[in-house]
Number of protein chains: 2
Amino acid sequence: MTKTIQFLPDNVTVEVCEGENLLAAAANAGVYVPAYCGGDGVCGKCKVRITEGDAPSADSHMLKKDELADGWRLACKIAVTSDMVVELPLEKGRDGKIHKRKPKTTRSISARSLEAIIGKWDVDPPVEKRFLKLPPPTMDDNISDLARLLRGIKKGCFDCKEPTYDHPELLQELSGLLRENDWEITVILLRGKRQREPDRIIAIEPGNTTDKLYGLAVDIGTTTVGGLLMDLNSGKVMAEASAYNAQIAYGEDVIARMIYSQRPGGLATLQQKVVYTINSIIEQVCKEMIISPSDISYIMAAGNTVMSHLLLGIDPKYVRESPYVPTCSQFPLTRAADLGVYAHPSVRLFLYPAVASYVGGDIVAGVHACQMHKSDQVTLFIDIGTNGEIVVGNQDWMICSACSAGPAFEGGGIKFGMRASAGAIENFHISPDTYDPMIVTVERTQPRGICGSGLISIVAELLEAGVVDQQGKFNRRIEHPRLRESVDGYEYVLVWERDTQVGQDIVITEVDIDNLIRAKGAMYAGYQTLLESVGLTFTDLDRVILAGNFGAYIDLERAISIGLLPDVDRDKFYYLGNASLLGAQISLDDTKRFRERAEVSGLITNMELAENSEFMNYYMASLFLPHTDMSLFPTVQEKLPIGD
Amino acid sequence: MTKTIQFLPDNVTVEVCEGENLLAAAANAGVYVPAYCGGDGVCGKCKVRITEGDAPSADSHMLKKDELADGWRLACKIAVTSDMVVELPLEKGRDGKIHKRKPKTTRSISARSLEAIIGKWDVDPPVEKRFLKLPPPTMDDNISDLARLLRGIKKGCFDCKEPTYDHPELLQELSGLLRENDWEITVILLRGKRQREPDRIIAIEPGNTTDKLYGLAVDIGTTTVGGLLMDLNSGKVMAEASAYNAQIAYGEDVIARMIYSQRPGGLATLQQKVVYTINSIIEQVCKEMIISPSDISYIMAAGNTVMSHLLLGIDPKYVRESPYVPTCSQFPLTRAADLGVYAHPSVRLFLYPAVASYVGGDIVAGVHACQMHKSDQVTLFIDIGTNGEIVVGNQDWMICSACSAGPAFEGGGIKFGMRASAGAIENFHISPDTYDPMIVTVERTQPRGICGSGLISIVAELLEAGVVDQQGKFNRRIEHPRLRESVDGYEYVLVWERDTQVGQDIVITEVDIDNLIRAKGAMYAGYQTLLESVGLTFTDLDRVILAGNFGAYIDLERAISIGLLPDVDRDKFYYLGNASLLGAQISLDDTKRFRERAEVSGLITNMELAENSEFMNYYMASLFLPHTDMSLFPTVQEKLPIGD
């Protein structure tokens with residue numbers, strides 16, 4: 001249920017989901033409300049007056065009785081339960097006059113119908129269950145139990161090939177299984193290329209179990225492993241789960257993991273840890289649906305090249321070394337149980353193929369999910385992280401690359417950087433008049449640091465307010481207690497010590513801003529290099545698709561403001577969420593997509609940027625906010641304070 | 001080197017291999033020499049006079065000085081080293097006159113050239129080694145290591161399918177292997193159906209190892225496991241080994257093994273024991289050739305249905321129960337290492353398919369070896385054992401059956417029955433005049449019992465001498481100290497206590513003879529039933545092929561005399577030896593034969609005799625020596641004493 005909130009006097013109206021926090025709603029709407037403690041209710045700054053709608057008064061100790069009676073509340077403590085009209089306190093400018101704030105036009109990336117991007121797909125899974133009532137053997141018909149089973153499977157399919165069954169485990173209990181169940185069993189078959197042709201027997205179950213047919217999609221992220229359990233009869237997602245990749249204890253990113261893998265026993269440890277994580281996901285979804293792990297008929301997984309290598313126990317050593325060669329990019333079909341995954345012994349684990357060392361199966365799955373390879377629209381597909389992966393193309397051609405953006409987007413290399421967990425500043429506004437901040441943290445607890453999306457918000461706001469210039473340097477002419485010089489150089493105090501959990505002022509430094517500029521510059525130069533290599537420019541793009549968890553938290557306007565995303569028509573942007581998991585999902589229950597996933601990687605050409613001089617030139621030109629070539633950012637040009 | 005021996009006064013000349021024992025040579029030639037102690041040199045009865053040729057006098061204590069000087073020796077102590085003329089002592093008949101013995105026409109089964117039976121085959125093994133020098137990766141050519149390898153393999157084969165590599169183990173060390181060996185490696189490939197098309201990568205080795213390419217053929221017998229190592233480059237057998245099947249401690253025959261398999265842990269124990277035995281064979285042949293087990297590129301095995309089930313850990317429970325259904329008759333392709341076999345992890349173990357529960361892969365391998373399925377000659381293929389397996393047919397049709405002959409041929413159910421090991425009576429003659437025996441034992445040691453071939457000799461000789469009648473009863477009218485009645489009924493003393501190792505007289509009883517009659521009767525009724533089912537008789541047979549270890553020791557004439565083998569032209573008989581191992585061998589180094597082995601089982605139709613009334617009628621008629629219908633045994637009719 002959505003609720004409408006009208007903020008006065010700005011007269012900005014937004015729709016939010018029921019239960020949304022009012023402070024976060026204001027921040028997302030671009031409405032500035034002073035808020036120093038991140039939403040924890042301790043600074044008492046975010047007073048607003050609710051003139052229409054429900055507003056329980058649980059936060060009475062920060063407000064006087066008459067204020068409460070008059071409708072004043074702390075925005076950070078209000079969960080939206082009805083339509084509302086919210087009045088903000090009038091704010092005095094540096095000139096002492098009351099300002100009417102001009103709301104910022106922030107814009108989330110369209111959460112337009114997934115179907116528009118990934119198309120419709122059939123519920124026609126590559127596995128099927130068939131219930132068979134076999135005639136018991138007699139002296140006149142005493143073919144082997146297996147031959148009887150195969151005859152039953154092939155019945156009504158006259159020129160079918162014999163399905164294969166290359167796992168002795170399947171046979172070890174076949175005879176008992178058939179007899180104990182009066183020759184009534186269900187076979188789980190992997191289907192062949194032709195309609196109804198069985199290709200491979202996955203498992204055999206007693207009785208009729210055709211109503212239970214499950215597949216598991218898994219995204220093996222470096223940080224997080226996500227999975228979803230799908231009912232392959234209905235095509236419905238039945239349960240979802242995610243967990244931190246237990247490899248994280250052995251290194252934050254793929255480079256650290258590769259280094260750890262070279263220690264004695266390191267590779268085996270990493271293999272076991274990711275399997276442990278996958279198993280915890282299987283346990284979660286199975287517990288939720290009250291099924292057994294052996295009820296899952298197949299597993300489709302996608303992960304980057306290093307994660308894929310580690311899962312299979314393949315040494316990724318040479319991925320790190322020029323010329324960056326993985327052991328394999330098409331991964332072998334593996335029995336999940338052989339890897340230690342909780343699964344029926346004959347259940348297969350399919351891994352999305354990779355394109356190159358740094359453009360892995362997660363990206364191929366994403367490209368597959370958004371059906372770029374079947375669309376005539378020229379699409380820029382972006383997955384932002386420590387390694388930003390970029391794919392440009394359409395049904396006729398696709399080119400991809402990875403660019404090493406560094407860890408800034410994940411909080412790395414930033415003085416108060418952190419992951420997007422409780423207490424991370426995730427949204428930020430600055431009063432253009434008082435230069436005071438509005439801080440919103442993850443889970444609305446007192447601030448502990450800055451996560452990637454917060455960093456983009458902070459730098460974009462500081463830039464637009466003129467606190468930071470286009471080179472990323474603080475405007476030395478502004479005198480304000482929050483702007484100061486410390487041993488690390490100039491910095492802006494986001495949160496004073498008293499409002500933090502960390503016992504010190506939380507600041508953003510020029511070094512931090514510089515790191516962000518280099519990270520976004522690498523991404524932007526990547527887009528340019530790929531487009532230029534095929535003779536296109538940003539104006540040729542029909543769509544820009546953002547994938548990955550990070551994409552979910554990016555404020556589109558701000559990301560464009562700092563030059564992380566190209567300044568093209570906002571309607572062209574789509575957010576696809578966990579595209580890797582989505583790719584695995586669409587391969588779960590549609591045989592055609594299941595089969596075409598292997599083709600997708602073959603259609604994508606990899607381009608190495610590491611030693612590409614064109615890329616280096618573009619990169620140097622991108623080390624500016626948003627860019628040295630402002631003609632590439634016309635809408636940002638308009639927003640920036642006129643330079644002096 | 002063969003040597004010629006002329007026995008006088010019988011004037012029988014035989015050719016024997018150099019080193020053959022003179023007593024055994026006489027026995028095989030059908031020349032009667034009194035011999036009571038089996039050839040151990042203790043009874044001193046087997047005196048012969050050597051008038052020409054070498055004859056060292058190592059046995060002087062049993063002979064007088066002048067006898068030695070005159071050329072007398074104990075035949076059992078002479079190894080033939082030159083051509084010889086041997087004079088036998090004159091023997092007095094019951095009438096006191098000296099008899100000139102009429103030599104028996106014994107006849108061994110033709111050891112005619114194997115090639116006449118199994119044809120020529122090419123040295124064109126289904127696996128090949130290719131040495132590859134791969135170009136190292138560069139920034140312009142940084143496809144994955146696996147893709148580089150596959151490109152190298154496919155080079156020069158333009159429309160080849162991609163070879164498969166479905167075992168992650170192969171990939172786990174690929175990258176290191178390539179780099180540590182300067183991109184020079186040897187791949188072992190299983191070849192596809194088309195010439196030079198690689199189907200599956202089995203293994204990768206450092207450097208150039210193309211000169212080492214080995215395959216292992218294994219016959220998994222219930223009693224003995226045999227193996228041979230073949231150099232697949234030359235097609236030569238490099239080493240052979242055999243060992244008792246270590247399952248033997250858990251039961252003598254397949255029935256006992258099946259019963260044991262039903263105990264808790266029994267199946268796993270039997271699986272481990274046969275693998276242990278196969279491993280001991282691998283160790284033996286590898287030790288002999290100074291290679292490592294991982295140098296073996298593939299393993300082709302054949303065994304009966306129960307042995308095949310047990311090797312794969314498949315419960316054979318229902319094989320024993322009517323309607324005698326095995327779990328499978330086409331066995332899955334298995335990685336040898338998965339079963340516990342010492343082998344490279346990706347090496348495959350192929351098992352010959354079976355036809356039915358009691359007509360296993362050993363028989364299919366035998367039929368394959370003798371190329372019945374490609375010959376226009378109507379062939380009767382016989383493997384005699386506890387279960388006698390019979391196949392009749394030619395290129396147009398083949399029909400098979402197993403008949404439960406009982407354990408008599410393996411010494412079971414016989415009072416002094418034993419396996420064909422040291423001390424087992426393996427050859428026997430009786431003096432038609434004195435009714436005294438000539439006993440030859442395995443390894444010429446003092447007698448301990450009677451093995452299968454000895455039993456056939458004894459009964460045939462007793463029959464032809466008129467000591468036993470056609471019903472298998474002793475002739476009560478003969479008075480002789482060796483013929484007597486004991487608590488077990490009538491019996492003939494083969495060896496007096498003093499000449500045995502067992503401290504008691506070794507006898508053959510009427511019960512023993514009855515057991516033999518039932519065993520041979522089941523076999524003969526089997527031949528008849530199969531032939532009759534396709535409207536043929538024995539006269540339609542072009543060939544009779546004997547397979548199995550037992551076949552090697554059977555004296556053809558005697559086997560016909562008792563009715564175990566049909567009385568057809570002796571030139572039609574062939575002895576194929578261990579046909580199961582031979583089948584595995586011919587599939588090792590010829591791709592065409594490798595591929596056709598699966599077809600052979602499909603061409604054979606199984607017929608169940610257990611509940612077949614036709615068979616029961618034939619069986620009842622066969623319970624006679626040689627048969628109730630003597631027109632089936634014209635040559636035996638001539639030899640038998642005229643009935644009274």
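Scroll up a little and you will see the structure.
Right, let's walk through the structure included here. Note that this is a predicted model, so its numbers are computed, not measured.

Another point: the overall build of chain A. Within chain A one finds 19 helices and 28 strands. Taking 2.2 N^0.38 as the reference for a compact globule, 644 residues should give roughly 26 Å; the C-alpha atoms of chain A span a radius of gyration of 28 Å, in line with that estimate. Overall, chain A is about 105 × 60 × 50 Å in size when its C-alpha atoms are taken along their principal axes. Counting the 644 residues in chain A, one finds 51% classified as buried.

Here we come to the interface of chain A and chain B. Taken together, the contacts link 37 residues of chain A with 37 residues of chain B. Elements supplying a minimum of two residues to the side of chain A that touches chain B: α4 (145-154), α5 (168-172) and α6 (174-180) of chain A. The class makeup of the residues in the side of chain A that touches chain B is 18 nonpolar, 13 polar and 6 charged.

Attention now goes to the relation of the copies chain A and chain B. Under the fitted operation, chain A is carried onto chain B by 0.1 Å of movement along the axis and a turn of 180°, and the coordinates agree to an RMSD of 0.2 Å. Classification of the inter-copy transformation places it as that of a two-fold axis. A share of 100% of the interface residues of chain A reappears at the interface of chain B, consistent with the copies meeting face to face through the same patch.

Below, the discussion takes up the sheet that holds strand β10 (residues 198-206) of chain B. Residues and elements named next belong to chain B. Strand order in the open sheet made by the 3 strands is β8-β9-β10, with antiparallel pairing throughout. Here the strands that pair on one side only, and so sit at the sheet edges, are β8 (127-133) and β10. Strand-to-strand twist in this sheet, taken as the mean axis angle between neighbours without regard to direction, amounts to 30°. Taken together, the 7 bridges between strand β9 (residues 184-191) and β10 define a ladder with antiparallel strand orientation. Across the sheet, the residue bridging to I185 is P206, located in β10.

Turning our eyes to something else, we now look at the sheet that holds strand β18 (residues 387-393) of chain A. Residue and element names in this part refer to chain A. Spatially, β27-β26-β17-β18-β19-β28 is the arrangement adopted by the 6 strands of the open sheet, whose pairing is mixed. Each edge of the open sheet is held by one strand with a lone partner, namely β27 (573-577) and β28 (604-606). Sheet twist, expressed as the mean angle between neighbouring strand axes with direction ignored, is 25°. Pairing geometry for strand β19 (residues 398-404) and β28, over 3 bridges, is parallel. Along β28, the bridge assignment pairs M398 with I604. On top of the sheet, helix α11 (residues 361-369) reaches β17 (379-383), β18, β19, β26 (543-547), β27 and β28; it is set at about 140° to β17, its chief contact.

Rules used throughout
- Along each chain, numbering runs from 1 in the same order as the chain's sequence is written.
- Chains and ligands are labelled sequentially in the order written, the chains with letters from A and the ligands with numbers from 1.
- At least 70 in pLDDT is required for a residue's local features to be given in this predicted model, at least 80 for side-chain atom pairs to be given and counted, and no such filter applies to totals for whole chains, interfaces and linings, which use all residues.
- For helices the rule is a DSSP run of H or I covering at least 4 residues; for strands it is a run of E covering at least 2, with both sets numbered from the N terminus onward.
- The globule rule used here is 2.2 Å times the number of residues to the 0.38 power, and the radius of gyration it is set against is calculated over C-alpha atoms.
- Put plainly, a residue is buried at 20 or more neighbouring C-beta atoms within 10 Å of its own, exposed at 12 or fewer, and partly exposed in between, counting only other residues' C-beta atoms, which are placed from the backbone.
- Here contacts are defined at the residue level, using C-beta atoms placed from the backbone and a cut-off of 7 Å between them.
- Polarity classes work like this: nonpolar for Ala, Val, Leu, Ile, Met, Phe, Trp, Tyr, Cys and Pro, charged for Asp, Glu, Lys and Arg, and polar for all others, with Gly in that last group.
- Here the copies are superposed with least squares, the fitted atoms being C-alpha atoms of residues at a pLDDT of at least 70 in both.
- The criterion for strand pairing is that DSSP finds at least two bridges linking the strands in question.
- Lines are fitted to the C-alpha atoms to define the axes, a helix being fitted only along its stretch in contact, and any angle between axes, read from their N-to-C directions, falls within 0 to 180 degrees.

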